[in-house]
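Spelled out, the chains give:
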Amino acid sequence: MKKKIIHLILLSCTRATELIEKKSLFGLSWIERLQLRLHTNICDGCTIYQQQSILLDKVIQAQVINFDELSLLPQLKNEDLKQSILLSLDKVSD
């Protein structure tokens, strides 16, 4: 009985990383939040992984927003941007 309780409370790092990813996509139940908090309080590796995961999510979200803003530019500006990119690529290939 004690083993089951300890196993429920203390997660493996593999399970903790699964919960970290699940948290960013779907959210966690209160039990999962508690388990993850207890694990990250004692595991520096998973704490760092969680911070990196949050940072990556923010960077990706910012890039998606920037991409959406780019599509809202007038067609003329899109053409100017394409030409600018092509010129830059030509300079790099020389």
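Up top you'll find the structure we're talking about.
Figured I'd write up the structure that's included with this text. (Residues numbered from 1 in each chain as written. Predicted model: local features only at pLDDT ≥ 70, side-chain atom pairs only at ≥ 80, totals over all residues. Heavy atoms only, no water.)

All right, on to the environment of Thr14 then. With respect to the helices and strands, the residue Thr14 is situated in helix α2 (residues 13-25). The spacing of Thr14 and Cys46 is 32 residues in sequence and 9.2 Å in space, taken between C-alpha atoms. (Helix = DSSP H or I, 4+ residues; strand = E, 2+ residues; numbered from the N terminus.)

Here the largest pocket defines a volume of roughly 150 Å³. Lys23, Leu28, Trp30, Arg33, Leu34, Leu36, Arg37, Thr40 and Gln50 together form the lining of the largest pocket. With six residues, the top contributor of residues to the lining of the largest pocket is helix α3 (residues 30-42). Among the residues forming the lining of the largest pocket, the class breakdown is four nonpolar, two polar and three charged. (1 Å grid on protein atoms, 1.4 Å probe; cavity = no way out; pocket = protein on both sides within 12 Å on 5 of 7 lines; lining within 4 Å. Points joined across faces, edges and corners; volume = space filled by probe spheres on them. Nonpolar A, V, L, I, M, F, W, Y, C, P; charged D, E, K, R; others polar.)

Turning our eyes to something else, we now look at α2. Here α2 spans 19 Å end to end across 13 residues, near enough to the 18 Å set by a 1.5 Å rise per residue. Those residues of α2 not exposed but buried are Ala16, Leu19 and Ile20. Considered in projection along α2, the buried side chains sweep an arc of 105° and stay on one side of the axis. Residues of α2 that are exposed and point more than 90 degrees away from the buried face comprise Thr14 and Leu25. One or two steps after α2, the chain reaches Gly27, where phi turns positive at roughly 95°. (Expected span 1.5 Å × (residues − 1). Buried < 20%, exposed > 50% of the residue type's maximum accessible area, 1.4 Å probe, protein only. Arc of directions from axis to C-beta.)

This part covers the nonpolar core. Among the nonpolar cores identified, the biggest contains eight residues, and these are Leu11, Ala16, Leu19, Ile20, Leu28, Leu36, Cys43 and Cys46. Sort the elements by how many residues they give to this core and α2 lands first, with three residues. Setting aside residues up to four positions removed in sequence, Leu28 forms contacts with Leu19, Lys22, Lys23, Arg33 and Leu36. (Core = buried A, V, L, I, M, F, W, Y, C linked by side-chain atoms within 4.5 Å. Contact = heavy atoms within 4.5 Å.)

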